[in-house]
Amino acid sequence: MTASQKSSAGSAASGYSLVSCIGAAAVTGAAGLYMGTRVNRDDDKQATNGLPGSKLGSEVGILKAPAVIPYTDYENEPKPAYYSDTSRPMHERMEDFVLDLQDRLVTALESLEPSKKFFRDRWEREDGKGYGISCVMQDGQVFEKAGVNVSVIEGTLTAGQLKSMRDRNPQTAKKLEAGVEYDFRVAGVSVVVHPRNPYAPTAHKNYRRFEVYKKNDKKAGPVMAWFGGGADLTPAYLFEDDVQYFHQTLKHACDTHDPAYYPRFKAWCDEYFTNVHRGETRGLGGIFFDDLEDKAPEELFHFAYDSGNSFIRAYVPIVARRMAMPYSLRERNWQLIRRGHYAEFNLVYDRGTKFGLMTPGARIESILMSLPLTARWEYMNKPEPGSPEKKLLDAVRTTTEWAK
């Protein structure tokens with residue numbers, strides 16, 4: 001039974017009672033104006049929010065957070081069968097997990113969106129080596145664009161992919177013999193959410209298991225296998241309590257399995273998600289890990305389960321809290337500028353995007369799902385000192401320890 005077929009309810013959406021160690025600041029409606037004075041200009045009156053026939057920000061008056069957000073209480077829910085069924089191969093259990101996690105997140109996000117449902121697009125690779133399910137929502141009142149994609153694919157590693165894998169990890173270089181061809185198998189879920197309201201942050205999540213085999217020899221078992229993934233938050237405006245809550249929730253999931261994980265993966269996230277050419281991080285971080293094989297596969301699978309599910313608890317309540325805050329053209333334009341920087345990282349530095357584009361027969365629409373529906377590049381845009389925009393810019397140019 002998939003998550004969408006189950007009934008489950010989490011904690012109240014208004015506030016952060018989900019994690020008791022973070023205090024909730026009551027910020028609703030017009031209270032959001034402390035982020036800066038609204039700009040009342042003629043072009044504001046003419047601007048639209050991207051919805052046909054709608055004035056900029058008109059959706060905020062009709063949006064209401066649900067009483068509960070589904071699947072935020074994953075720790076107290078019964079574990080699915082794949083969680084502990086060691087009689088099955090790990091790659092099959094990982095496939096079940098990413099499909100289940102996709103259903104859960106789609107259900108949680110749809111609980112906030114009154115105008116749209118996710119479009120489910122199942123596709124098969126033309127060479128018959130795998131499939132995927134792309135769940136995409138566009139032009140909603142809460143979510144301008146959101147994608148929750150699952151890929152379960154296999155193939156032969158190209159020379160470029162093998163070089164990239166060897167270059168990033170010395171242990172991989174030792175295990176992959178020169179002059180030998182290798183096949184791969186991967187099951188993963190990739191998530192990017194771009195809310196419409198500039199005060200609601202963008203977020204990303206990815207969890208996967210990657211297995212490498214000598215070519216045409218799967219019966220011998222994988223030569224190497226690892227888990228990778230993480231989650232990170234990319235706000236256009238800084239609400240420190242949001243960022244603290246997000247990090248604290250991810251830290252809790254990490255600490256359950258290894259207290260060393262969060263500080264290690266948080267630092268890794270800060271380093272990885274950096275727009276080097278701009279001297280700033282893509283957002284305000286979270287956790288990131290790759291080539292994770294430091295424990296038994298069963299332990300790592302359970303960590304991936306908890307960490308992947310914790311994203312729903314960490315992120316969706318933040319959107320519920322910010323989605324109805326009033327905003328103007330000033331905030332909208334800044335949001336689009338920050339989305340431009342987001343796109344720059346994904347197209348220039350992101351390893352997942354590069355790997356996908358190098359894979360023969362890759363599905364380009366799904367690989368580029370992470371890009372925002374709209375973005376903006378202004379020549380020499382420089383926020384005014386003391387402005388909320390400058391506050392965000394300062395935050396992505398420094399490193400902050402957000403969790404306690």
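Remember, it's a predicted structure, so these values are computed and weren't measured experimentally.

Judged by how many residues are buried, strand β5 (residues 202-214) sits mostly within the fold: 12 of 13 residues are covered. Of the strand pairs in this sheet, strand β4 (residues 182-195) and β5 are connected by 12 bridges, and their pairing is antiparallel. Each bridged residue has a counterpart across the sheet, and for Tyr182 the counterpart in β5 is Lys214. Remark: 6 residues form the turn of the hairpin made by β4 and β5, two consecutive strands paired antiparallel.

Between helix α5 (residues 240-255) and helix α7 (residues 297-322), the shortest axis-to-axis distance is 8 Å and the interhelical angle comes to 165°. Compared by their axis directions, α5 and α7 come out roughly antiparallel. Considering how the two elements wind past one another, α5 and α7 form a crossing that is right-handed. Of α7, the residues touching α5 (which contributes Asp241, Asp242, Tyr245, Phe246, Thr249, Leu250, His252, Ala253 and Cys254) are Phe303, Asp306, Ser307, Ser310, Phe311, Arg313, Ala314, Tyr315, Pro317, Ile318, Arg321 and Arg322. Residue composition of the contact of α5 with α7, grouped by class: 11 nonpolar, 4 polar and 6 charged.

Where charged atoms from two side chains of opposite charge approach closely, those side chains can pair. Taken as a whole and judged by the stated rule, the model has 38 salt bridges. In this structure, Lys295 and Asp294 form a salt bridge, with 3.8 Å as the shortest nitrogen-oxygen distance. Among the residues examined, Lys295 registers a relative accessible area of 24% and is labelled partly exposed. Accessibility expressed as a relative area gives 40% for Asp294, which makes it partly exposed. Among the charged side chains, a network of salt bridges with common partners joins Asp241, Asp242, Arg321 and Arg322.

The rules behind each value
- Residues numbered from 1 in each chain as written.
- Predicted model: local features only at pLDDT ≥ 70, side-chain atom pairs only at ≥ 80, totals over all residues.
- Heavy atoms only, no water.
- Buried < 20%, exposed > 50% of the residue type's maximum accessible area, 1.4 Å probe, protein only.
- Helix = DSSP H or I, 4+ residues; strand = E, 2+ residues; numbered from the N terminus.
- Pairing = 2+ DSSP bridges.
- Axes fitted to C-alpha atoms, helices over the stretch in contact; angles between N-to-C directions.
- Parallel < 35°, antiparallel > 145°, perpendicular 65-115°, else oblique.
- Left-handed = near helix turned anticlockwise from the far one by under 90°.
- Contact = heavy atoms within 4.5 Å.
- Nonpolar A, V, L, I, M, F, W, Y, C, P; charged D, E, K, R; others polar.
- Salt bridge = Lys/Arg side-chain N within 4 Å of Asp/Glu carboxyl O.

Everything listed here is a matter of coordinates, which is why it stays silent on function.
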